[in-house]
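Residues per chain are reported as follows:
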Amino acid sequence: MLCAHYQEKLQDSLEQRQKEVRVALNRLEAGLNEGGELLSEERLAILALPPTTLLQRLREGHLAPTHVLKAFQAKAIVTTYRVNCVTEFIPQAEAWATALEAGPPEARNLPLFGLPVSVKDNIDVEGRDSTLGLAKKLYRPATCHSAIVHALRSQGAVPFCKTNVPQTCNSYGCSNPVWGETVNPSNMERTCGGSSGGEAALVGAGGSVFGVGADLAGSVRIPAHFCGVVGLKTTTGRLSNKGITTATKGATGILSAPGLLGRDVEIVVAGMRALLEGDLMFQADPKLVPLHWRHHLYTDDRPLRIGWYDHDGVFPVTPGCQRAVAVAREALQAAGHQLVPFTPPEVHQAFNIMAACVTSDQGHGLLQLLKGEVVDQSISTNAKIMAAPRFVKAVQKHIMQEKSPLMAKFLSNETAKSHQLLRALGEQEDYVGQLTEAWTTARLDLLLSPAFPMPAPPHSYPTKIMAAMITSALYNLCNFPAGVVPVTHETQDDQDKLDDYPTDDLMFQLVKEATRGATGLPIAAQVVGLPWQEEVVCRGMRDLQDQLKTAQAGTDPVFP
């Protein structure tokens, strides 16, 4: 009875909050309507500006922050009606934009003056919930901004909306019972990715030029890849995690890090630079490494030595994603860099360590969060596996050893013990040392790799193909910064070549199945650097983007 009563209370809370958000959205929409339309010619002209041009015109006084804010609010409303990416609009945004307009002239020198910024659901904004898509976290508004939002505001940015995530933020799908399902703006039958899926969908559809997310195992890079936008995962400790809600406090091994998403590399760099050149983030979080933006590393014009691979030996990538690496490799060579083959050593060992870290608490933390909640399809398979009794897990593992050895790694039926986690963490330390030694021996500056094994799949697949995340999660396990840049689109030729994609593991069969019909979807490549080398990663991403733009002049471009 108690459980049923608790579930009923959660459902009432959910329905009440949904009504309040709809009322607030209707009120905002009514206030933005000009002559019966949200997207006037003036607003469309603002939205069409390249991000850095938009920033320049704001700082030079040619555009007013309130006018720009209204343009992006209007576009975000239209976008969320189509793809359901915004959870709620931030009511203080207009007051913040107005204060910037009324401020002293020197305020225009702020690096992000008047720029509307979108924020992932689990990043605290004062007065707003950080829900993780859970009804139990409604009506628990943050009492202050996260350090990263505080820093963005101090540099002139205007946070204007919060965006959707998968339930518990532990999926690369994007749906939950509180805010619903976010779809891919390029194809609504497919996922936008996760867990920063709402961010990627909003940026990809033009409703934001710059957003803030968080990356655990690829949570920024995967949705950026799926939605055709730029994404950057930082080294943990370079940007502040203070005020970013996670599903399981104390989780270790695979490290989460704040990440940035944008329409192009330049706006991501502008955001990163603004965060690192200001002092407020470091003051708010004294645990941060006091490492400011090193512009000389970004502007250095010496040729880089870049390793590359298109198969890590564990999880094969589809023909389109393999081709994307070749396209990126040729572009970087044309930009003057040296490309050399390099595959990270023993990735299967890294996969085993990752699986040990993920299953170290047998799912107890996540199951506790899901008590009384309707479990969403985006995490349903994982939740069933975690909730199964030990003897059932043993049977599942035995069956899966035949069908999918990769999936079997996540079906541990051992009792969680601290010495097992310590052993995995020791193996992780050894692996990072092994990769770093191989990297330095090869004299690499950067590494080019697939962003993910496939383009955006239909909504039901992410929970079934979790092992695919090794492509991105490897660099969370090693705590290396990494970014993704859109380089191409899935073609019919890529689809035809799927016939030769391996099917000796159930996971691979599902990837092949999920990729059928993906023609036209964006595909990215991943650029990876050594820890604390975000500036060099950004330089590689910029050179890749610029060379692609040059090569695509007069053709169907990857970048708008």
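Please refer to the structure higher up on the page.
What comes next concerns the included structure. (Residues numbered from 1 in each chain as written. Predicted model: local features only at pLDDT ≥ 70, side-chain atom pairs only at ≥ 80, totals over all residues. Heavy atoms only, no water.)

### Quick notes on the overall build of the chain
Now for step 1: Within the chain one finds 22 helices and 15 strands.
Now for step 2: Taking 560 residues into account, the globule formula puts the C-alpha radius of gyration at 24 Å, and the chain, at 22 Å, falls close to it.
Now for step 3: When the backbone C-alpha atoms are referred to their principal axes, the chain occupies close to 70 × 65 × 50 Å.
Now for step 4: Within the chain, the proportion of its 560 residues that are buried is 59%.
Now for step 5: Sequence-distant contacts in the chain: of pairs separated by 6 or more residues, those separated by 24 or more amount to 80%. (Helix = DSSP H or I, 4+ residues; strand = E, 2+ residues; numbered from the N terminus. Rg over C-alpha atoms; globule rule 2.2 N^0.38 Å. Buried < 20%, exposed > 50% of the residue type's maximum accessible area, 1.4 Å probe, protein only. Contact = heavy atoms within 4.5 Å.)

### Topic: the sheet that holds strand S14 (residues 482-489)
Now for step 1: The mixed open sheet is built from eleven strands, whose spatial order is S1-S3-S2-S8-S10-S9-S14-S15-S13-S11-S12. Looking along the sheet, the strands with just one partner apiece sit at the ends: strand S1 (86-89) and strand S12 (338-341). Between one strand and the next, the sheet's axes are offset by a mean angle of 30 degrees, whatever the strand orientation.
Now for step 2: Of the strand pairs in this sheet, strand S13 (residues 446-450) and strand S15 (residues 522-528) are connected by four bridges, and their pairing is antiparallel. Within S15, the residue paired with Pro450 across the bridge is Ala525.
Now for step 3: Against the sheet, helix H7 (residues 197-204) contacts S1, strand S2 (116-120), strand S3 (158-163), strand S8 (210-215) and strand S10 (257-262), and its axis sits at roughly 120 degrees relative to S3. (Pairing = 2+ DSSP bridges. Axes fitted to C-alpha atoms, helices over the stretch in contact; angles between N-to-C directions.)

### Observations concerning the packing of aromatic side chains
Now for step 1: On inspection of all chains with the given rule, the structure shows seven aromatic pairs.
Now for step 2: Residues Phe315 and Phe508 carry aromatic rings whose centres are separated by 5.0 Å and whose planes lie at 75 degrees to one another, so their mutual orientation is edge-to-face. Here the residue Phe315 occupies a position in the loop between strand S11 (305-308) and helix H12 (319-334), and Phe508 occupies one in helix H21 (residues 506-515), the gap between them amounting to 193 residues.
Now for step 3: Ring pairs connect the aromatic residues Tyr172, Phe226 and Phe452, which therefore count as one cluster. (Phe/Tyr/Trp six-rings, centres within 6.5 Å; stacked < 30°, edge-to-face > 60°.)

### Points about unusual backbone geometry
Now for step 1: Of note, the bond from Gly194 into Ser195 is cis; its omega dihedral lies within 30 degrees of zero at 10 degrees.
Now for step 2: On the secondary structure map, Ser195 appears in the loop between strand S7 (187-191) and H7.

### A look at the side chain of Glu490
Now for step 1: Mapped onto the fold, Glu490 is located in the loop between S14 and helix H20 (492-497).
Now for step 2: Nearest to the buried, unbridged Glu490 among oppositely charged side chains is Arg323, at 5.7 Å.
Now for step 3: A distance of 2.9 Å separates polar atoms of two side chains, one belonging to Glu490 and the other to Gln495.
Now for step 4: Excluding anything up to four places from it in sequence, Glu490 contacts Gly320, Arg323, Pro455, Gln495, Thr515, Ala518, Thr519, Gly520, Leu521 and Ile523. (Lys, Arg positive; Asp, Glu negative; His and termini not counted. Salt bridge = Lys/Arg side-chain N within 4 Å of Asp/Glu carboxyl O. Polar contact = N/O pair within 3.5 Å; in protein donor to acceptor, adjacent residues only side chain to side chain.)

### A few points about helix H5 (residues 93-102)
Now for step 1: Ala93, Trp96, Ala97 and Leu100 are the residues of H5 that are buried. All buried residues of H5 lie within an arc of 95 degrees about the axis, which places them on one face of the element. (Arc of directions from axis to C-beta.)

### Regarding helix H3 (residues 51-59)
Now for step 1: Here H3 has its buried residues at Pro51, Leu54, Leu55 and Leu58. Here the buried residues of H3 occupy an arc of 100 degrees about the axis, which is enough to place them on one side.
Now for step 2: Buried residues belonging to H3 abut helix H2 (41-47), helix H4 (65-83) and helix H9 (265-277).
Now for step 3: Positive phi shows up at Gly61, right after H3, with a value of about 85 degrees.

### Digging into the pattern of salt bridges
Side chains bearing opposite charge may pair, as long as their charged atoms lie close to each other.
Now for step 1: Tallying each qualifying case throughout the model produces 19 salt bridges.
Now for step 2: When the shortest N-O distance is used, the salt bridge between Glu20 and Arg17 registers 3.2 Å. Of the two residues, Glu20 and Arg17 both sit in helix H1 (residues 2-32), three residues apart, roughly one turn of that helix.
Now for step 3: With relative accessibility at 9%, the residue Arg17 sits in the buried group.
Now for step 4: By sharing partners, the salt bridges in this structure join Arg17, Glu20, Glu88, Arg128 and Asp129 into a single network.

### Overview of the environment of Val117
Now for step 1: Position of Val117 among the secondary structure elements: in strand S2.
Now for step 2: Residue class for Val117 comes out buried when judged on its relative accessible area of 0%.
Now for step 3: Taking the C-alpha atoms as reference, Val117 lies 14 Å from His145; in sequence the two are 28 residues apart.

### What about the packing of helix H13 (residues 347-358) against helix H19 (residues 470-477)?
Now for step 1: Between H13 and H19, the shortest axis-to-axis distance is 10 Å and the interhelical angle comes to 75 degrees. Considering their axes alone, H13 and H19 lie roughly perpendicular with respect to each other. The segment H13 lies against H19, with Val347, Ala350, Phe351, Ile353 and Met354 engaging Ile470, Ala473, Leu474 and Leu477. (Parallel < 35°, antiparallel > 145°, perpendicular 65-115°, else oblique.)

### Regarding the state of the cysteines
Now for step 1: The full count for this structure, using the stated rule, is zero disulfides.
Now for step 2: Unpaired in terms of disulfides, Cys144 finds its nearest cysteine sulfur in Cys169, a separation of 19 Å.
Now for step 3: We classify Cys144 as partly exposed; its relative accessible area is 45%.
Now for step 4: Looking at the unpaired Cys161, the closest cysteine sulfur is the one in Cys85, lying at 7.3 Å.
Now for step 5: Judged by relative accessible area, Cys161 falls into the buried class, the value being 0%. (Disulfide = S-S within 2.5 Å.)

Shape descriptors only; they carry no functional weight alone.
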